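Fold and geometry: a report
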Amino acid sequence: MKLERGHFTQSVVVRLITSYAVILCIPVILSVIIYGQTREVVKNEIKLASRAMLQQVRYIVDGELLQTESLATQLAVHSEVKSFLSSASGNAYKIYELKQELGRMLTANNFIKEINLYSKPLQSVLSSETYIDEYSFYEMKLQTDSFVYGDWQELTREYHSGKYALLPLKNPDNKVTYTPFYIRSLPIQATADVTGALIIPLNVDTMMTMLANIDWVERGRVFIMDTNGQIMIQNAGGTMIEPSAYREWDERGTGTFTGTFQGVESMITIESSDTTGWKYISVFPTDVFWEHAGGMRTMNMLGLLLCFVIGSAVIYYFARKNYNPVKELVSVFARNPVQDTGKYLDEYSFIRRNVLETIRERDATNKKHDQQLRVLQNYYLGRLLKGQADRNTPFTELAKTYKLQWTTGSFAVLLFYIDSGDDGITDLELSQFIVSNIVADLIGSRWTINFTDVDGMLAAVVNIDPERAGQWKDEIEDDLAQAYEFITLRYKLRFTTVGSELQTGLEGVHLAFLQALEAQEYRSVLGDEMLIWHGSIKTSESSYFFTVNDQILLINLLKADEFEQANHMINSILQQAFQREQSHEISKCILLDVATTMIKAIPDQEQTRIAWDEWRPLKRLLSCSTKPEFEQELLDIFERVCTVLRSKPNLQASAGIGEKVTAFVQENYSDKNLSVSQIGDHFSLTPQYVSRLFREQTGQVGLRDYISQTRVEAAKALLLEGASIDDTAEKVGFASSHAFIRVFKKYEGITPGKYKTIQ
C-alpha cells in the first residue's frame, strides 16, 4: 500500500491499522473471559431456569387449588346442598337433581377427580356417580390397613374450615394410591353443628400431565409439600420417598442451592406459595445442565483461531479501502491555492480546517445574501405601496425575483399603529419587530404576509387566495385578536390595525395602501378599535352643525364668565363630532372652528401679549388623530382662554422677571406638573405674558422650549452616569418615557439609547 505522508506528522493509515488491531484483540480477550466465566454463567442459568420452571409449576397448581376452594365455597352456599344436609330423610328426586348438579360441576373442573358430599343426618355420601351409606363409601374408596373406619368417622365429624389431607384412594382395579383430598365441613360457620362435609379428591393424573408439558420437568423431580411438611404431589411415580430425605426442605426458606438427593448431586430450588402456604421443590441433577459446557469450550477455541486468520485479512482490506477516500479529499483541498503549506497532525485535521473554512465562507455569503434580500424586499414593497414600482411586470416574476412567495394576484394591505403601555417597550424598532413576528406566525399559517416599514409605519402586504375570499377577513380578525391578546399581556404593547379591501394586481397594492391610509384617518371617529376595515367606513351626508349662532353663543358665554356652560357646550360638540355617521373631514373643520371661536373671545389688547409662536394651537390641533387627542387640545385652548379672561396682565412686571423664571425652572424642572401656566400662577402673571417677558428679557427661546431644553440637559448627565431611559425620564420631570424620547430626539437629533451608545 502506497502511503502519501506529505506534510502530515502522522498519517491516518497508522490510526486505521492500530484501531483495527485493537478491534481484533477485543474478541480474543472476550473469548478468554467468556471461557473463564463459563461455569459461573452456566450455574446462574441453572438457578434461573430452575426457579422459572418452578414458578410456572406454582402458578398452575395454585390456580387449580384456588379454583377447587372456590368450587367448595359455591357448594357450601348452594340451596340444594343446604336442603340435602338439613333433611332427615332423603328425597329421591332432590338427591337425583343434586347428583346431576355435582356431575356438571365436576365436568367443568378437570383438576378434581370427583365431588363427594357427606350428610351426617343421613349418614350417607352423595357423589356425581353414586349415593351410598358412609360405610359402604369407606369400604369402596378408602379402606386400607393404615386408614381404618374410625379414622374416616373422625375425619367427617370434626370441623374443617378447608384442609388438605393425603388419603389412600382405591382405583377401579383396587390399586391404592395416596391422593390429596380437599375437606370442607358444612355449614361453613364455625359455631354451627357439623351436618356434613365436602370431600374432594384432586386429580393428580391431570396435574402430572400439565407438569409434563413444562420444559425440563421430565428430566428431574418436582415435589409439592403442604404446610405440615408432607409431600402431597410428586412427579416421580407412586413410590413415596422417605421423610428423612426431604425433612430439611421444610426447614429451609425459598431459593436455590446445591445438595445431594438420593446419592446424586442435584440443584434444589424451593418456592413458597403466598396463597396456600405450600412449598414447591424441584430437584435436577447438575449433569443435565453441564452437558453443554464441553461444546462451548470447543466453540471458543475455534472462534479464537478464526479471529486471528480472518481479522488479519480484514485489517489489510479495510485500511486500504477507508484510506482511499481520505486521500482523494486531501488531493481535492490541496489544489486550493489559498491554503497554506504548513504541517498538520494528520489528514483529518487538514480536511477539518478546510471544511470549516468553506462552511464559514458559505454562512457569511448566505447571511449577506439574506440581508440584501430583506433590504431589496423592503425597498420594493415600500415603492409598490406608494405606487412607485414597475407594475407592468407579472407578479409571479416579481415574486420569484424577490422571493415573496406570492401565489395569486389578490392583495390586501394592513397598517399597524403601535402604542406602548406605561411599563411597556419604548423602542419603536423593537416594538415593530415583536408585532411583525408574532402576527406573521399567526397569519402566515393561512396566508402569505410580508412586512415593511413605510415612513416609520409598519405595513403588511397579504396575498389572498381568491377561492377563500369570502372568509379572509374573519380569519385575519381571529389571528389578530390572538396576537393582540398575547402581545398586550406579554410585552405591554397596544396596537391598532387598519386594513384595506381586497384588490387585484400589483396596481391594486397601491390602491389598497391608499384605502388603509383612508381607514386610518377614521380612527378618531371609530375610536380605539383593534381592527378597522376600509369597508366599515360609512360615507355620510352630515351637515355642518356648528352654526354662526353657536359661535356667537360660545363667545358670549366666555365673555360673560359662564365657563361651566361653555365647557358643557364644547363637550357636547365633541360628542356629536365623533359619532360614526359623521364625516371625518367635517368633524375636523368643526373642531377647528370651535378653537378659533374661543380665541376670538380674547380681547385684542390681550391677544398682543400671547406668545403665538410658542403656543401654536392650530398646528397642535391639526396633528391630532383620535378623539382623546382632540379633546385634550380643545380643553387646553379652553383653559388658556379662561385664564386670560379671568386675569389682567401685570403691567408692573419686574425687569428681572426673566432671571427669576430661569432660577425657578432650574429648581423645579424635575416636577412633572411644571408648565408655563404653573410659572405664571407662581409670579401672578398670565402664562402668555410671563412667556413673552421671559423671551424679551433673556433673549432665550420660548419658555416651554426652555423647560424642555433644561430637562434634556439634565437627562444627558444622568444617561452618562448609566441611568436607564425610564428612570431618567422620571427624574427629569417627563410624564412618560415616550414623551422623553420624543423631546430628546427633537433637540438632540438622536434617541437617548443611541446617545448612550455614542458616548
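Quick caveat, the model's predicted, so the values are computed rather than measured.

**Focus: the packing of helix α24 (residues 657-668) against helix α27 (residues 703-720)**
Closest axis-to-axis distance for the α24/α27 pair is 10 Å, and the angle between their directions is 40°. When the interaxial angle is binned, α24 and α27 end up oblique. Judged by the sense of rotation from one axis to the other, the crossing of α24 with α27 is right-handed. For the pair α24 and α27, contact is made by V661, T662, V665 and Q666 and by L703, Y706, I707 and T710, respectively. Each residue belonging to the contact of α24 with α27 can be placed in one class, and the counts come to 5 nonpolar, 3 polar and no charged.

**A short note on the nonpolar core**
A general feature of soluble globular proteins is that nonpolar side chains tend to end up buried together. Core analysis: the largest hydrophobic core is formed by 41 residues, its most contacted members being L65, L75, F84, I115, L117, M207 and Y280. In terms of residue count, helix α2 (residues 38-76) provides more of this core than any other element does, 9 residues in total. Excluding its chain neighbours within four sequence positions, the residues that come into contact with L117 are V81, F84, L85, L98, S124, V125, L126, L186, A197 and L198. Core analysis: the next-biggest nonpolar cluster, separate from the first, contains 32 residues, F546, L558, F563 and I590 among them.

**So, α24**
Its 12 residues place the ends of α24 16 Å apart at the C-alpha level, agreeing with the 16 Å of an ideal helix rising 1.5 Å per residue. Listing the buried residues of α24 in full gives I657, G658, V661, F664 and V665. Mapping the buried residues of α24 onto a view down its axis gives an arc of 125°, with all of them on the same face. Every exposed residue of α24 that faces more than 90 degrees away from the buried side is listed here: E659 and E667.

**A short note on the packing of helix α5 (residues 134-142) against helix α6 (residues 149-157)**
In contact at an axis separation of 11 Å, α5 and α6 are set at 115° when each is read in the N-to-C sense. In this structure, the crossing between α5 and α6 has a hand that is right-handed. Counted together, E134, Y135, F137, Y138 and L142 of α5 and Y149, W152, T156 and R157 of α6 form the full contact between these two elements. Residues belonging to the contact of α5 with α6 are distributed by class as follows: 6 nonpolar, 1 polar and 2 charged.

**Regarding the packing of aromatic side chains**
Counted by the stated rule, this structure contains 19 aromatic pairs. Centroid distance Y118 to W152: 6.3 Å. Interplanar angle 75°. Geometry classified as edge-to-face. Of the two residues, Y118 sits in strand β1 (residues 116-119) while W152 sits in helix α6, which places them 34 residues apart along the sequence. Each member of the pair, Y118 together with W152, is buried. Measuring from ring centre to ring centre gives 6.2 Å for F486 and Y491, while their planes differ by 75°; the resulting arrangement is edge-to-face. Members of the aromatic cluster, each reached through a chain of ring pairs, are Y135, Y138, F147 and Y149. The ring of Y491 carries the charged tip of R490 above its face, separated from the ring centre by 5.0 Å. The ring of F734 is capped by R711, whose NZ or CZ atom sits 5.7 Å from the centre of that ring.

**A few points about the side chain of E134**
Of note, E134 is situated in helix α5. Non-local contacts of E134, meaning those with residues more than four positions away in its chain, are made with Y118, Q123, S124, V125, Y149, W152, T156 and R157.

**Looking at the sheet that holds strand β11 (residues 279-285)**
Strand pairs in the sheet, formed through backbone hydrogen bonds, run parallel or antiparallel to each other. Here we have 5 strands laid out as an open sheet, ordered β8-β7-β11-β10-β9, and antiparallel in their pairing. Across the chains shown, the open sheet's two edge strands, defined by having one partner strand only, are β8 (231-234) and β9 (255-261). Across the sheet, the mean angle from the axis of one strand to that of its neighbour is 25°, orientation sign disregarded.

**Side note on the pairing of β11**
Buried residues dominate β11, accounting for 6 of its 7 residues. The sheet contact formed by strand β7 (residues 221-225) and β11 spans 5 bridges and is antiparallel. The residue bridging F223 from the neighbouring strand is I281, located in β11. Taken together, the 7 bridges between strand β10 (residues 264-272) and β11 define a ladder with antiparallel strand orientation. Pairing of S272 across the sheet is with K279, part of β11.

**What about the sheet that holds strand β5 (residues 176-186)?**
Strands sit in the order β3-β2-β1-β6-β5-β4 across an open sheet of 6 strands; the sheet is antiparallel. Each having just a single partner strand, β3 (131-133) and β4 (163-170) make up the two edges of the open sheet. The mean inter-strand angle of the sheet, taken between neighbouring strand axes irrespective of direction, is 30°. Where strand β2 (residues 124-127) meets β3, 3 bridges bridge the pair, whose relative direction is antiparallel. Along β3, the bridge assignment pairs L126 with Y131. Along the sheet face, helix α3 (residues 79-86) touches β1, β2, β3, β5 and β6 (196-201) and points at about 35° away from the line of β1. Against the sheet, α6 contacts β1, β2, β4, β5 and β6, and its axis sits at roughly 115° relative to β6.

**With respect to unusual backbone geometry**
Note that the residue after L186, namely P187, is joined by a cis bond; omega there is 0°. Within the fold, P187 resides in the loop between β5 and β6. Positive phi, close to 50°, is recorded for Q123, a residue that is not glycine. With respect to the helices and strands, the residue Q123 is situated in the loop between β1 and β2.

**Some remarks on the pattern of salt bridges**
Under the counting rule described, the total for this entry stands at 12 salt bridges. Two residues, R104 and E101, come together in a salt bridge whose shortest N-O distance is 2.4 Å. With R104 and E101 both in helix α4 (residues 92-108) and 3 residues apart, this pair spans about one turn of that helix. A salt bridge links E748 to K716, with the shortest nitrogen-to-oxygen separation between them at 3.6 Å. One end of the pair, E748, is in helix α29 (residues 737-748); the other, K716, is in helix α27, with 32 residues separating them in the sequence. Residue classification places E748 among the partly exposed positions, given a relative accessible area of 30%. By relative accessible area, K716 is classed as buried at 16%.

**Topic: the confidence of the model for the chain**
In the predicted model, the chain carries a mean pLDDT of 79, and 86% of its residues have values of at least 70. Note that residues 1-6 has pLDDT below 50 and, in this model, 12 contacts with residues that lie over four places away or in other chains. Low pLDDT, under 50, characterises residues 648-654; the predicted model gives this stretch 12 contacts beyond four residues in sequence or across chains.

**Notes on the side chain of E114**
Counting through the fold element by element, E114 comes out in the loop between α4 and β1. A distance of 2.9 Å separates the side chain of E114 from the side chain of N116, its partner in a polar contact. Excluding anything up to four places from it in sequence, E114 contacts L106, F137, K141, I199, I200 and P201.

**Details of the environment of T260**
Tracing the chain through its elements places T260 in strand β9. The exposure class assigned to T260 is exposed, which follows from its relative accessible area of 58%. When the C-alpha atoms of T260 and P285 are compared, they prove to be 9.1 Å apart, with 25 residues separating the residues in sequence.

**Quick look at the environment of V194**
Structurally, V194 can be placed in the loop between β5 and β6. C-alpha of V194 to C-alpha of H160: the two residues are 34 residues apart in sequence and 9.3 Å apart in space. Not counting chain neighbours up to four residues away, the residues in contact with V194 comprise K120, T156, R157, E158, Y159, S185 and L186.

Cut-off values and rules
- The numbering scheme is per chain: residues are counted from 1 as the chain's sequence reads.
- Local features in this predicted model are restricted to residues of pLDDT 70 or higher, and side-chain atom pairs are both shown and tallied only at a pLDDT of 80 or more, whereas totals for entire chains, interfaces and linings draw on every residue.
- Hydrogens are left out, water is left out, and the side-chain values use all remaining heavy atoms of the structure.
- A fitted line through C-alpha atoms represents every axis, and for helices the fit uses only the stretch in contact; the resulting angles, taken between N-to-C directions, go from 0 to 180 degrees.
- A run of H or I in DSSP counts as a helix once it spans at least four residues, and a run of E counts as a strand once it spans at least two, with each numbered from the N terminus.
- For classification purposes, angles smaller than 35 degrees are called roughly parallel, those larger than 145 roughly antiparallel, those between 65 and 115 roughly perpendicular, and all remaining angles oblique.
- Here a crossing is called left-handed whenever its near helix is offset anticlockwise from the far helix by less than a right angle, and right-handed whenever the offset is clockwise.
- Contact definition: two residues touch when any of their heavy atoms are within 4.5 Å.
- Basically, the charged four are Asp, Glu, Lys and Arg, the nonpolar ten are Ala, Val, Leu, Ile, Met, Phe, Trp, Tyr, Cys and Pro, and anything else, Gly included, counts as polar.
- The term nonpolar core refers to a set of buried residues drawn from Ala, Val, Leu, Ile, Met, Phe, Trp, Tyr and Cys, joined through side-chain atoms within 4.5 Å.
- Summary of the burial criterion: residues with accessible area below 20% of their type's maximum are buried, those above 50% are exposed, and those between are partly exposed, where the area comes from a 1.4 Å probe applied to protein chains only.
- An expected span of 1.5 Å times one less than the residue number is assigned to each helix.
- Throughout, the arc means the angular range of directions from the helix axis out to the C-beta atoms.
- Under the pairing criterion, centres of Phe, Tyr and Trp rings, with the six-membered ring standing for Trp, must be within 6.5 Å; the plane angle then separates stacked pairs below 30 degrees from edge-to-face pairs above 60, leaving the rest tilted.
- Each ring is checked for a lysine NZ or an arginine CZ that lies within 6 Å of its centre and within 35 degrees of its normal; such an atom marks a charge sitting over the ring.
- Two strands pair under a simple rule: DSSP has to find at least two bridges between them.
- Salt bridges are defined by distance alone: a side-chain nitrogen of Lys or Arg within 4 Å of a carboxyl oxygen of Asp or Glu.
- For every residue, the predictor assigns a confidence score, pLDDT, that lies between 0 and 100.
- Polar contact is defined as a pair of N or O atoms within 3.5 Å, subject to the rule that within protein one atom must be able to donate a hydrogen and the other to accept it, and that residues adjacent in sequence are counted only when both atoms are side-chain atoms.

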